Amino acid sequence: MPATFDEFGLRFLYPDNWTSVVDEEEGGNSATLQLPSGGFCSIVRDQSQNLDEQLVDEIRDAIIVEYNEVESEILPIDSFFDNGLAVDLKFYYLDLLIMLRTIVTRIAGQRFVIQIQAESRDFDANELVFGAILKQLRECDPSED
C-alpha cells in the first residue's frame, strides 16, 4: 500500500518504504522523502524573488564548493511540467556518481524546487517512481479536495 504525501497543498502517493520528513526549521516549507537506499526527493516551497536560473546556479555552486566539480545539463521542462527549469547535475562523491535532478516550477500557484538525488544506479532503478511522483505533481489540483 503506498503512502500519501499531503503537505503545502500538494498530494501524491509514494512507496511506503520511503520516509517522509517535514523540516519544521524551514517554517514547514520543506519536506524530504528518503529512499531506503540513501537517495532522496526534496520538495521546497520557495518564496524568494530569485529567478529560476539563480536558484539552480546557487545549488550548482554549493555542489562545486563541496565536491569540486559538477556536470550540468539543461533538460526540457515540458518533460516534467508546463513551465519552469529542469537541470540534471552530476558529480562524484568518493567513487560514486551522484545524479541530482533539480526542477523549479509552479504548482497550484506556488513556486517549488524539487530535487531528486541518488547514486546513479539507484537513480536509474527509481526513475519510474520519480517520474510517477512528478506526474502526480503535474496533475496536482488542491481545489479537487
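The following paragraphs examine the structure supplied in this document. (Residues numbered from 1 in each chain as written. Predicted model: local features only at pLDDT ≥ 70, side-chain atom pairs only at ≥ 80, totals over all residues. Heavy atoms only, no water.)

Digging into unusual backbone geometry
One non-glycine residue with positive phi stands out, namely phenylalanine 8, at about 60 degrees. Topologically, phenylalanine 8 is positioned in the loop between strand S1 (3–7) and strand S2 (10–14). Residue classification places phenylalanine 8 among the buried positions, given a relative accessible area of 8%. The backbone of leucine 94 shows a phi angle near 55 degrees, a positive value even though the residue is not glycine. Looking at the element boundaries, leucine 94 is found in the loop between strand S7 (85–93) and strand S8 (96–107). Owing to a relative accessible area of 69%, leucine 94 belongs among the exposed residues under this scheme. (Helix = DSSP H or I, 4+ residues; strand = E, 2+ residues; numbered from the N terminus. Buried < 20%, exposed > 50% of the residue type's maximum accessible area, 1.4 Å probe, protein only.)

A closer look at the environment of glutamate 127
As for its placement among the helices and strands, glutamate 127 is situated in helix H2 (residues 120–138). In this structure, the C-alpha to C-alpha distance between glutamate 127 and isoleucine 116, residues eleven residues apart in sequence, is 9.5 Å.

Some words on the side chain of glutamate 119
Position of glutamate 119 among the secondary structure elements: in strand S9 (residues 110–119). A distance of 3.3 Å separates polar atoms of two side chains, one belonging to glutamate 119 and the other to serine 120. Glutamate 119 has contacts with Leu96, Leu97 and Ile98, leaving out every residue within four places of it along the chain. (Polar contact = N/O pair within 3.5 Å; in protein donor to acceptor, adjacent residues only side chain to side chain. Contact = heavy atoms within 4.5 Å.)

Structural notes on the sheet that holds S7
Read across the open sheet, the seven strands follow the order S3-S4-S5-S9-S8-S7-S6; overall the sheet is antiparallel. What marks the edges here is a single partner per strand, and that holds for strand S3 (19–22) and strand S6 (71–75). Each adjacent strand pair in this sheet contributes to an overall mean axis angle of 15 degrees, direction not counted. Relative to strand S4 (residues 30–34), S3 runs antiparallel, the two sharing four bridges. Directly across from valine 22, in S4, lies its bridge partner alanine 31. (Pairing = 2+ DSSP bridges. Axes fitted to C-alpha atoms, helices over the stretch in contact; angles between N-to-C directions.)

Thoughts on the packing of aromatic side chains
By the definition in use, this model includes eight aromatic pairs. Taking 5.8 Å as the distance between ring centres and 90 degrees as the angle between the ring planes, the aromatic pair formed by tyrosine 67 and tyrosine 93 counts as edge-to-face. Of this pair, tyrosine 67 sits in helix H1 (residues 52–67) while tyrosine 93 sits in strand S7; the two residues are 26 residues apart in sequence, bridging distant segments of the chain. Judged by its relative accessible area of 42%, tyrosine 93 is partly exposed. (Phe/Tyr/Trp six-rings, centres within 6.5 Å; stacked < 30°, edge-to-face > 60°.)

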